Protein chains: 4
Amino acid sequence: MYTRALKDKRSETMNRIIEAATAVFADVGYSGARVDEIAKKAGVNKATIYYHIGDKEALYAQVLHDVTGDAADRIEENVEGAKGPAEKLKRYFEAIVETVDEHPSLAPLMMREVASGGQNVPVVIAQDLMRIYAMLLQILEAGAREGVFIPANTLVAHLMFLGPLIFYKNVEATWKNNQTFADLFARLDEEIYQGMGAEIAASGSEEILRLTLRALLKG
Amino acid sequence: MYTRALKDKRSETMNRIIEAATAVFADVGYSGARVDEIAKKAGVNKATIYYHIGDKEALYAQVLHDVTGDAADRIEENVEGAKGPAEKLKRYFEAIVETVDEHPSLAPLMMREVASGGQNVPVVIAQDLMRIYAMLLQILEAGAREGVFIPANTLVAHLMFLGPLIFYKNVEATWKNNQTFADLFARLDEEIYQGMGAEIAASGSEEILRLTLRALLKG
Amino acid sequence: MYTRALKDKRSETMNRIIEAATAVFADVGYSGARVDEIAKKAGVNKATIYYHIGDKEALYAQVLHDVTGDAADRIEENVEGAKGPAEKLKRYFEAIVETVDEHPSLAPLMMREVASGGQNVPVVIAQDLMRIYAMLLQILEAGAREGVFIPANTLVAHLMFLGPLIFYKNVEATWKNNQTFADLFARLDEEIYQGMGAEIAASGSEEILRLTLRALLKG
Amino acid sequence: MYTRALKDKRSETMNRIIEAATAVFADVGYSGARVDEIAKKAGVNKATIYYHIGDKEALYAQVLHDVTGDAADRIEENVEGAKGPAEKLKRYFEAIVETVDEHPSLAPLMMREVASGGQNVPVVIAQDLMRIYAMLLQILEAGAREGVFIPANTLVAHLMFLGPLIFYKNVEATWKNNQTFADLFARLDEEIYQGMGAEIAASGSEEILRLTLRALLKG
DNA sequence: GATGAATGAGGGTTCATTCAT
DNA sequence: TATGAATGAACCCTCATTCAT
């Protein structure tokens with residue numbers, strides 16, 4: 001497994017730094033992140049970060065790659081064993097869910113990255129993303145050829161799943177961690193607030209998977 | 001129309017400031033934005049911003065409200081005239097598409113806001129969001145009662161449409177404006193790059209609408 | 001009377017500005033004062049101050065002169081009627097007490113001015129101060145000649161009275177207006193706090209006058 | 001000795017910063033002081049001040065405490081060895097003179113602090129001041145019990161000495177350092193100017209001590 | 001490998017002052 | 001006479017980065 005292998009290869013200090021950086025970047029974004037805070041959270045001196053990894057940008061790239069690289073690996077492994085485009089598609093989505101569940105920081109990181117138009121995405125990350133996208137392309141093409149999928153724009157198909165999932169994960173995390181925001185809603189309309197809470201509690205990932213397949217599969 | 005009325009009521013200077021701020025916040029996020037740059041882009045002295053609006057946070061709130069308030073207004077107007085839940089749902093989604101098309105900054109702004117967990121969302125914005133969400137709630141409930149929609153988690157239903165749309169709009173903008181990023185893809189795999197370009201060119205919004213309705217409507 | 005005559009000669013607006021400025025300068029000093037706050041307190045637009053009086057420095061000079069000019073006038077009037085150096089000295093001190101009582105801002109203004117070494121004292125103020133000092137000089141010289149005073153350094157004699165008085169007035173005002181500070185003392189030592197409060201309540205001015213005369217008069 | 005021990009314990013940089021800050025605050029007061037100037041005077045980068053001490057307010061507190069803490073220590077040491085209230089009182093005053101002489105900035109700092117009503121006095125300073133005041137209280141009470149002092153308001157007694165001394169020190173410093181002000185007087189009245197200069201040159205502290213004791217001691 | 005100290009380059013905000021009306 | 005709007009010049013503070021140890 002990508003993640004674990006990586007962690008074993010790296011020094012304790014490195015791991016602590018990356019972990020802390022991941023959390024902070026996910027929480028407040030690249031420009032919002034303070035190297036000071038990352039160092040403090042990692043329990044190391046600020047200069048140590050520079051010694052081991054380099055400047056803020058390099059640190060950010062490292063964080064992103066840790067997550068996107070793992071995602072690509074997982075999807076690859078998952079899809080490989082499946083038979084037929086429909087099954088492959090399902091496995092593809094499930095691998096993404098798995099990754100997102102294991103890396104709670106992936107959702108916010110990706111949202112911000114998309115929002116900023118990948119202005120600073122390093123090549124490594126672009127490669128990871130392309131690996132992921134190429135796999136979907138193959139699956140959808142095979143499915144169209146075999147007539148199990150409705151004809152659809154590949155990019156849109158991808159986003160039909162990724163979009164709701166990432167949004168949902170963020171909303172879920174916000175609802176759980178950020179009491180301020182939930183309280184705001186509670187104060188505005190208690191009933192809607194209750195209903196929203198209930199819906200967030202129900203596993204959204206599966207629902208999204210169900211609806212997406214319903215949209216894309218024939219019949 | 002909300003937007004136009006607002007613009008007429010406000011002074012030239014105010015409008016220029018808000019407009020510039022919207023662009024900058026959308027581009028680089030709250031922490032990435034520099035008041036200096038906003039002022040320069042608006043063609044006013046930095047102090048003028050503080051004179052008219054207040055600090056950076058107030059400016060950001062103003063920018064967000066301008067967009068979310070307009071969205072809520074549009075949806076309301078659009079949905080009002082429609083008959084039956086299915087038609088209302090379609091109009092609801094169309095109003096969102098309309099808003100997103102008219103405010104290119106909405107997509108990145110919303111993504112970042114969702115990513116940051118609405119940590120600093122002022123009450124005004126929360127109210128706007130709730131208005132929007134409450135309308136969908138009513139539509140879906142009516143639809144479920146009348147048996148035209150499949151049973152579905154409301155929040156997920158909302159995100160099924162909003163997620164892909166916002167992602168798509170961001171990707172589209174990135175592809176068009178950020179040559180660096182597109183070039184990166186071109187260099188990695190020319191074929192995929194070409195295909196992606198073609199798919200982005202095709203109107204994604206309609207495709208998303210079609211697929212979302214396919215997922216949610218019965219039959 | 002200096003003060004009243006001046007007020008009658010000046011426009012309502014001017015009086016309101018000077019009054020507000022006096023309070024603010026006394027409260028927070030020259031550099032601590034904000035023209036904005038003075039304008040707000042005076043109930044006029046900031047630009048009005050510039051129109052009527054001029055820049056911050058001119059405003060400050062005006063404020064100082066209003067108070068020192070009045071002090072000089074009062075002392076002159078008071079001392080004139082008295083017979084003999086001892087009586088004159090008493091009247092001199094009493095006039096100062098009177099002025100300080102009527103202008104609560106005099107004490108802090110003077111302290112700050114002394115602390116800053118009169119770095120920005122305009123000529124008008126210097127003239128006022130000199131008038132006051134020259135009167136004391138004459139009285140003390142006459143008293144020394146007639147043998148009713150002990151030989152003493154004139155400046156020191158002046159400060160023997162002025163110093164305690166100004167300090168006392170400031171301490172008194174602080175005790176009465178600044179609950180925070182008094183509370184601090186109360187928390188540190190309740191007994192000392194009580195005693196201090198009682199002593200401040202007793203009229204300090206008379207006590208100072210008594211002790212000063214005891215120090216300066218023969219016998 | 002407090003001051004020296006402190007200086008040894010602190011880093012060179014810290015000492016240079018505090019020293020520079022003391023001078024600047026004394027010269028132009030808290031609001032008049034510019035952190036930039038303090039940094040320049042200390043020969044360090046502005047950020048170094050924030051690194052070592054904190055914000056402007058913390059710096060000010062440090063400066064005040066350095067001086068008031070030393071004063072309290074000196075008085076304590078001085079008074080301890082003395083016998084009888086009269087001797088103790090003399091020693092008490094002498095210790096103050098000593099402190100004031102060693103810290104030329106004490107006089108202006110204290111004047112401004114008194115003028116501003118201790119609005120921002122931190123607890124440490126309040127403790128220092130209380131220590132000083134409590135000692136005088138004990139001495140005066142003992143003296144009153146033993147019949148060597150005339151009955152007097154303690155606070156006033158304190159101010160009878162402190163007031164003239166602090167005023168005198170400020171006037172003296174102004175006269176020596178601020179040629180502008182002296183020149184102003186010289187131009188207004190050459191004779192008074194000469195006399196004043198002569199009186200300032202004579203040691204005022206001793207004169208003040210003599211007169212104060214004359215005022216407070218019986219007989 | 002790790003860190004405390006130091007800093008240059010801004011970043012947000014304030015403020016005295018001006019000016020068109 | 002009076003003012004709302006606008007601004008240049010600071011001012012306090014922060015932050016990514018470096019360096020001697």
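Chains are numbered independently. Their residues run from 1 in the order of the written sequence. Lettering of chains starts at A and numbering of ligands starts at 1, both following the order in which they are written. Predicted model: local features are reported for residues with pLDDT of at least 70 only, side-chain atom pairs are reported and counted for 80 or more only, and whole-chain, interface and lining totals are derived from all residues. Note that the side-chain values use all heavy atoms of the structure and ignore hydrogens as well as water.

Enquirer: Got a minute to help me understand the overall build of chain A in this structure?
Expert: Along its length, chain A carries 12 helices and 0 strands. Secondary structure elements are defined from DSSP: runs of H or I of at least 4 residues count as helices, runs of E of at least 2 residues count as strands, and each element is numbered from the N terminus. The order of α-helices and β-strands along chain A, N terminus first, is α-α-α-α-α-α-α-α-α-α-α-α. Over its C-alpha atoms, taken along the principal directions, chain A stretches across nearly 60 × 45 × 30 Å. Burial classes follow relative accessibility: with a 1.4 Å probe on protein chains only, a residue under 20% of its type's maximum area counts as buried, one over 50% as exposed, and anything between as partly exposed. A total of 219 residues make up chain A; the buried ones form 57% of that total.

Enquirer: For this particular structure, what's the right way to read the nonpolar core?
Expert: Within soluble globular proteins, side chains that are nonpolar tend to cluster in buried spots. Grouping buried Ala, Val, Leu, Ile, Met, Phe, Trp, Tyr and Cys residues that are joined through side-chain atoms within 4.5 Å yields what is termed a nonpolar core. Membership of the largest hydrophobic core comes to 159 residues, with the highest contact counts inside it found for Tyr92 of chain A together with Tyr92 of chain B. With residues up to four places along the chain from it excluded, the contact list for tyrosine 92 of chain B reads Ile75, Val79, Ile132, Tyr133, Met135, Leu136, Ile139 and His158 of chain B. Counting 158 residues, the second-largest nonpolar core is a separate cluster that includes Ala71, Val79 and Trp175 of chain C together with Tyr133 of chain D. Residues count as neighbours in contact if any of their non-hydrogen atoms are within 4.5 Å of one another.

Enquirer: What should I look at first to understand the protein's contact with DNA strand E in this one?
Expert: Neighbouring DNA strand E are 32 residues, the closest being Asn45 and His52 of chain A, Tyr50 of chain B together with Asn45 and His52 of chain D. The protein-proximal atoms of DNA strand E, defined as those within 4 Å of the protein, are 65% sugar or phosphate. Between a phosphate oxygen of DNA strand E and a side-chain N or O atom of tyrosine 51 of chain A, the distance comes to 2.8 Å. Separating a phosphate oxygen of DNA strand E from a side-chain N or O atom of tyrosine 50 of chain B is a distance of 2.6 Å. At the level of elements, helix H4 (46-52) of chain A, helix H4 (46-52) of chain B, helix H4 (46-52) of chain C together with helix H4 (46-52) of chain D are the ones that each hand at least two residues to the surface near DNA strand E. Residue classes follow a fixed rule: Ala, Val, Leu, Ile, Met, Phe, Trp, Tyr, Cys and Pro count as nonpolar, while Asp, Glu, Lys and Arg count as charged, and any other residue, Gly among them, counts as polar. Grouping the constituent residues of the surface near DNA strand E by class yields 14 nonpolar, 8 polar and 10 charged. By convention in these notes, a residue is near a molecule or strand provided one of its non-hydrogen atoms lies within 4 Å of it. Pairs of N or O atoms are called polar contacts if they sit within 3.5 Å, as long as, within protein, a hydrogen donor faces a hydrogen acceptor (for residues adjacent in sequence, only side-chain-to-side-chain pairs).

Enquirer: Whenever I open this one, the relation of the copies chain B and chain A confuses me. Can you help?
Expert: For the pair of chain copies, the relating operation is a rotation around an axis with a shift along it. In this comparison the copies share one frame, found by least squares on the C-alpha atoms of residues holding pLDDT of at least 70 in both. Each copy superposes on the other: chain B lies on chain A with an RMSD of 0.1 Å after a rotation of 180 degrees and an axial shift of 0.0 Å. Put plainly, the chains are arranged around a two-fold axis. Mapped onto chain A, 100% of the interface residues of chain B again fall at the interface, so both copies present the same surface.

Enquirer: Whenever I open this one, the relation of the copies chain D and chain C confuses me. Can you help?
Expert: Note on the identical chains: chain D maps onto chain C by a rotation of 180 degrees and an axial translation of 0.0 Å, with an RMSD of 0.1 Å. When the interface residues of chain D are mapped onto chain C, 100% of them again lie at the interface, so the same face is used by both copies.

Enquirer: Please explain the protein's contact with DNA strand F as it appears in this structure.
Expert: Neighbouring residues of DNA strand F: 30 residues in total, closest Thr48 and His52 of chain B, Asn45 and His52 of chain C together with Lys46 of chain D. For DNA strand F, the fraction of atoms within 4 Å of the protein that belong to sugar or phosphate moieties is 65%. Contacts to DNA strand F include tyrosine 50 of chain D, whose side-chain N or O atom sits 2.6 Å from a phosphate oxygen. A distance of 3.0 Å is found between a phosphate oxygen of DNA strand F and a backbone nitrogen or oxygen belonging to lysine 56 of chain D.

Enquirer: Even after reading the chapter, I still don't get the interface of chain B and chain A, so can you show me in this structure?
Expert: Size of an interface: often given as the accessible area lost when the parts come together. With 65 residues of chain B at the interface, the matching set in chain A holds 66 residues. Buried area: the sum, over both parts, of the accessible surface (1.4 Å probe) that disappears when the two are put together. For the pair chain B and chain A, the two sides together bury roughly 5,500 Å², of which 73% comes from carbon and sulfur. Per-residue buried area on chain B facing chain A is highest for Met130, Phe167 and Arg214 of chain B; these three make up 13% of the total on that side. Here, a salt bridge means any side-chain nitrogen of Lys or Arg that lies within 4 Å of a carboxyl oxygen of Asp or Glu. Applying the counting criterion to the chain B and chain A interface returns 0 salt bridges.

Enquirer: Which parts of the structure should I look at to understand the environment of lysine 90 of chain A?
Expert: Its place among the elements puts lysine 90 of chain A in helix H6 (residues 85-102). Distance in space between the C-alpha atoms of lysine 90 of chain A and valine 79 of chain A is 8.6 Å, their sequence separation being 11 residues.

Enquirer: Even after reading the chapter, I still don't get the packing of helix H10 (residues 179-188) of chain A against helix H8 (residues 123-146) of chain B, so can you show me in this structure?
Expert: Any two packed helices are characterised by how steeply their axes cross, that is the angle between the axes, and by the distance between the axes. Working convention: axes come from line fits to C-alpha atoms, limited for helices to the stretch in contact. Angles between N-to-C directions cover 0 to 180 degrees. Here H10 of chain A crosses H8 of chain B at 65 degrees, and the two axes come no closer than 10 Å. Judged by the sense of rotation from one axis to the other, the crossing of H10 of chain A with H8 of chain B is right-handed. From H10 of chain A, Leu184, Phe185 and Leu188 of chain A reach across to H8 of chain B, where they touch Val123, Ala126, Gln127, Leu129 and Met130 of chain B. The residue inventory of the contact of H10 of chain A with H8 of chain B, partitioned by class, reads 7 nonpolar, 1 polar and no charged. Take the far helix as your reference; a near helix turned counterclockwise from it by less than a right angle gives a left-handed crossing, and one turned clockwise gives a right-handed crossing.

Enquirer: It is not clear to me how the interface of chain D and chain C should be interpreted in this structure. Could you clarify?
Expert: Residue-level contacts link 65 residues of chain D with 66 residues of chain C. At the boundary of chain D with chain C, total buried surface from both sides reaches about 5,500 Å², with 72% on carbon and sulfur atoms. For the chain D face of the interface with chain C, the top three residues by lost area are Met130, Phe167 and Arg214 of chain D, together amounting to 13%. At the boundary of chain D and chain C, one finds 0 salt bridges. At the boundary of chain D with chain C, the tally comes to 4 residue pairs in polar contact (both at pLDDT 80 or more). Counting residues per element, the ones that place at least two in the side of chain D that touches chain C are helix H2 (12-32), helix H7 (106-115), helix H8 (123-146), helix H9 (154-177), helix H10 (179-188), helix H11 (190-201) and helix H12 (204-216) of chain D.

Enquirer: Can you help me understand helix H9 (residues 154-177) of chain C in this one?
Expert: In an α-helix there are 3.6 residues to a turn, and that puts residues three or four apart on one side. Residue and element names in this part refer to chain C. Residue count minus one, scaled by 1.5 Å, sets the expected span of a helix. For H9, which comprises 24 residues, the first-to-last C-alpha distance of 34 Å matches the rise-based estimate of 34 Å (1.5 Å per residue) to within 8%. A residue's bend is the angle separating two fitted axes: one through the seven residues that end there, the other through the seven that start there. Along H9, the sharpest change in direction is near 25 degrees and occurs at methionine 160; proline proline 164 comes one to four residues later. Among the 24 residues of H9, 21 are classified as buried, and the element is accordingly described as predominantly covered.

Enquirer: For this particular structure, what's the right way to read the pattern of salt bridges?
Expert: When the charged atoms of two side chains lie near each other, side chains of opposite charge can form a pair. Scanning the model with the defined rule gives 54 salt bridges over all chains in all. In this structure, aspartate 66 of chain B and arginine 10 of chain B form a salt bridge, with 2.8 Å as the shortest nitrogen-oxygen distance. Residue aspartate 66 of chain B is located in helix H5 (residues 56-80), and its partner arginine 10 of chain B is located in the loop between helix H1 (2-9) and helix H2 (12-32); the two are separated by 56 residues in the primary sequence. Accessibility expressed as a relative area gives 14% for aspartate 66 of chain B, which makes it buried. Judged by relative accessible area, which is 14%, arginine 10 of chain B ranks as buried. For arginine 74 of chain C, the salt bridge identified is with glutamate 102 of chain C, shortest N-O distance 2.8 Å. Highlighted residues: arginine 74 of chain C in helix H5 (residues 56-80) and glutamate 102 of chain C in helix H6 (residues 85-102), separated in sequence by 28 residues.

Enquirer: What is the right way to read the packing of helix H2 (residues 12-32) of chain C against H2 of chain D from this model?
Expert: It is at 7 Å that the axes of H2 of chain C and H2 of chain D come closest, and there the two elements cross at 105 degrees. Judged on the interaxial angle alone, H2 of chain D and H2 of chain C are roughly perpendicular. Contacts from Val28, Ser31 and Gly32 of chain C of H2 of chain C reach H2 of chain D at Val28, Ser31 and Gly32 of chain D. Among the residues making up the contact of H2 of chain C with H2 of chain D, the classes are represented as 2 nonpolar, 4 polar and no charged. Any angle that falls under 35 degrees is termed roughly parallel, while one over 145 is termed roughly antiparallel, one within 65 to 115 roughly perpendicular, and all others oblique.

Enquirer: How should the packing of aromatic side chains be read in this particular structure?
Expert: Each aromatic ring pair is described using two quantities: the centre-to-centre distance and the angle formed by the ring planes. Ring pairs are drawn from Phe, Tyr and Trp, using the six-membered ring of Trp, whenever the two centres fall within 6.5 Å, and their geometry is named by plane angle: stacked under 30 degrees, edge-to-face over 60, tilted for the rest. One pass over the structure, following the stated rule, counts 32 aromatic pairs over all chains. Centroid distance phenylalanine 25 of chain C to tyrosine 30 of chain C: 6.0 Å. Interplanar angle 10 degrees. Geometry classified as stacked. Taking relative accessible area as the criterion, tyrosine 30 of chain C reaches 26% and is therefore assigned partly exposed. An aromatic cluster is built from Trp175, Phe181, Phe185 and Tyr193 of chain A, whose rings are joined through pairwise contacts. Charge-over-ring contacts are defined here by two conditions on Lys NZ or Arg CZ: a distance within 6 Å of the ring centre and an angle within 35 degrees of the ring normal. Directly above the aromatic system of tyrosine 30 of chain B lies the positively charged group of lysine 56 of chain B, at a separation of 4.6 Å from the ring centroid.

Enquirer: Looking at this model, I keep getting lost on the environment of isoleucine 38 of chain C. Mind explaining?
Expert: Residues and elements named next belong to chain C. Mapped onto the elements of the fold, isoleucine 38 is located in helix H3 (residues 35-42). According to the relative accessible area criterion, isoleucine 38 is buried, its value standing at 1%. Between the C-alpha atom of isoleucine 38 and that of threonine 22, which follows or precedes it by 16 residues, the distance is 8.8 Å. For isoleucine 38, the residues in contact, after removing those within four places along its chain, are Ile17, Ala20, Ala21, Val24, Phe25, Ile49 and Leu59.

Enquirer: Explanation requested: helix H6 (residues 85-102) of chain D in the structure shown.
Expert: Residues and elements named next belong to chain D. With 18 residues, H6 ought to run about 26 Å at 1.5 Å a step, and its terminal C-alpha atoms sit 25 Å apart, in line with that. Those residues of H6 that sit buried are Pro85, Leu89, Tyr92, Phe93, Ala95, Ile96, Val97, Thr99 and Val100. Close packing links the buried residues of H6 with helix H5 (56-80), H7, H8, H9 and H12.

Enquirer: Even after reading the chapter, I still don't get the environment of glutamate 172 of chain C, so can you show me in this structure?
Expert: Within the secondary structure layout, glutamate 172 of chain C lies in helix H9. Residue class for glutamate 172 of chain C comes out buried when judged on its relative accessible area of 15%.

These values are about where atoms sit, not about what they do.
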